[in-house]
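Breakdown of the fold
Here's the letter readout for the chains.
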Amino acid sequence: IFHVKRKTNMKLALIQDQLLIKGGSERIFQYMVEEFPEADIFTSAYNPLATWPEFKKYKIKTTWADTFVRNHDQFKSFYPLLTNVFKNLDLTGYDVILSSSATVAKYISRFDGIHICYCYFPTRAIWNTDAYFKKSSKSVKVLVFRALLPYLKRQDLAAAKRVNKFIAISEYSRRAVSQIYGRDADVLFCPIDFEHFKQGANEKKGNHYLIVSRLE
């Protein structure tokens, strides 16, 4: 995409599910924005106080859901509504649309260019429901969500069919895209800022690994 765009000045849109938290996908989206600074940037809702501060220097275009979705918990609660918000987002006129998606950004339907989806994983709340929610949960929100599962799965499969090309973040994600969506995907591992790890480069290593990540 990078070489073709620079040669022909294609109009590019970058889309992220949401910018309401400091997470891994939001960091990767930041790198996408830095790689394509002339692209138009879209997301469902943006809270500059809650996500990575680097986004403050860019013009972020949000949907009307930005008026009432102000944190990540609200984003998850309004997930069924946000799928339709993205379906109605008008992206006609863009030659290439690059979505960064674990949930709703891939749902776009009003476009006439090529949609490439960098997929972290098929929506876990839909396809790994028992792992995502406690089986014993009797909250109204979870019960309503489970009742909507057949509809949400059909919606998700339909959205996947509208994607021209999937790129997976790992082999594990690639297999899930293949098994759930029936689509092939190339694997492009996420970028790493090696500057953060220079301090320990020459230290003696122990026989163990430390993984620091979001736990849900």
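Conventions we followed
Residues numbered from 1 in each chain as written. Predicted model: local features only at pLDDT ≥ 70, side-chain atom pairs only at ≥ 80, totals over all residues. Heavy atoms only, no water. Helix = DSSP H or I, 4+ residues; strand = E, 2+ residues; numbered from the N terminus. Polar contact = N/O pair within 3.5 Å; in protein donor to acceptor, adjacent residues only side chain to side chain. Contact = heavy atoms within 4.5 Å. Buried < 20%, exposed > 50% of the residue type's maximum accessible area, 1.4 Å probe, protein only. Pairing = 2+ DSSP bridges. Salt bridge = Lys/Arg side-chain N within 4 Å of Asp/Glu carboxyl O. Axes fitted to C-alpha atoms, helices over the stretch in contact; angles between N-to-C directions. Core = buried A, V, L, I, M, F, W, Y, C linked by side-chain atoms within 4.5 Å.

**Here's the deal with the side chain of Q30**
Secondary-structure assignment places Q30 in helix α2 (residues 24-35). Only 2.5 Å separates the side chain of Q30 from the side chain of R27, close enough to count as a polar contact. The residues touching Q30, leaving out its near neighbours within four places in the chain, are W52, E54 and F55.

**Concerning the pairing of strand β4 (residues 96-101)**
Among the six residues of β4, six are classified as buried, and the element is accordingly described as predominantly covered. Alternating positions in β4 separate into two faces, V96, L98 and S100 on one and I97, S99 and S101 on the other, with burial throughout. Across five bridges, the pairing between strand β1 (residues 12-16) and β4 is parallel. Counterpart to Q16 in the pairing with β4 is S100. Relative to strand β5 (residues 114-119), β4 is paired through six bridges, and the arrangement is parallel. Its bridge partner being in β5, I97 is matched across the sheet by H115.

**A closer look at the pattern of salt bridges**
Tallying each qualifying case throughout the model produces eight salt bridges. Between D90 and R110 there is a salt bridge, with its nearest N and O atoms 3.5 Å apart. Placement of D90 in the loop between α4 (79-87) and β4 and of R110 in the loop between β4 and β5 is noted, with a sequence separation of 20 residues between them. The exposure class assigned to D90 is partly exposed, which follows from its relative accessible area of 39%. In this structure, D156 and K106 form a salt bridge, with 3.3 Å as the shortest nitrogen-oxygen distance. Highlighted residues: D156 in helix α8 (residues 149-162) and K106 in the loop between β4 and β5, separated in sequence by 50 residues. For the pair shown, D156 and K106 are each scored as buried.

**Structural notes on the environment of T123**
Its place among the elements puts T123 in the loop between β5 and α5 (124-127). Taking C-alpha positions, T123 is 5.6 Å from A102, a pair spaced 21 residues apart along the chain. Those residues in contact with T123 that sit more than four places away from it in its chain are Y79, A102, T103, K106, D156 and Y181.

**Considerations on the sheet that holds strand β6 (residues 165-168)**
Ordered by their spatial adjacency, seven strands build an open sheet running β3-β2-β1-β4-β5-β6-β7, and the pairing between neighbours is parallel. Looking at the sheet topology across the chains shown, the edges are occupied by β3 (60-62) and β7 (185-187). Across this sheet, the average inter-strand angle for adjacent strands is 25°, counted without regard to direction. As judged from the three bridges shared by β6 and β7, these two strands associate in the parallel manner. Bridge pairing in β7 links I167 to D186.

**Looking at the environment of I167**
On the secondary structure map, I167 appears in strand β6. Remark: the alpha-carbon pair of I167 and C119, spanning 48 residues in sequence, is separated by 6.0 Å. With near-sequence residues (within four places) excluded, I167 lies in contact with I116, C117, Y118, C119, A185, D186 and L188.

**Here's the deal with the nonpolar core**
In terms of nonpolar packing, the biggest core is built from 29 residues, with I15, F86, L91, I97 and F145 touching the most fellow members. Those elements that place two or more of their residues in this core are β1, α4, α5, α7 (140-147) and α8. The biggest single contributor to this core is α4, with four residues. In this structure L91 touches A13, I15, F42, I97, I108, R110 and F111, once residues within four positions along its chain are discounted. Among the nonpolar cores identified, the runner-up in size contains 22 residues, and Y58, L98, I116 and Y120 belong to it.

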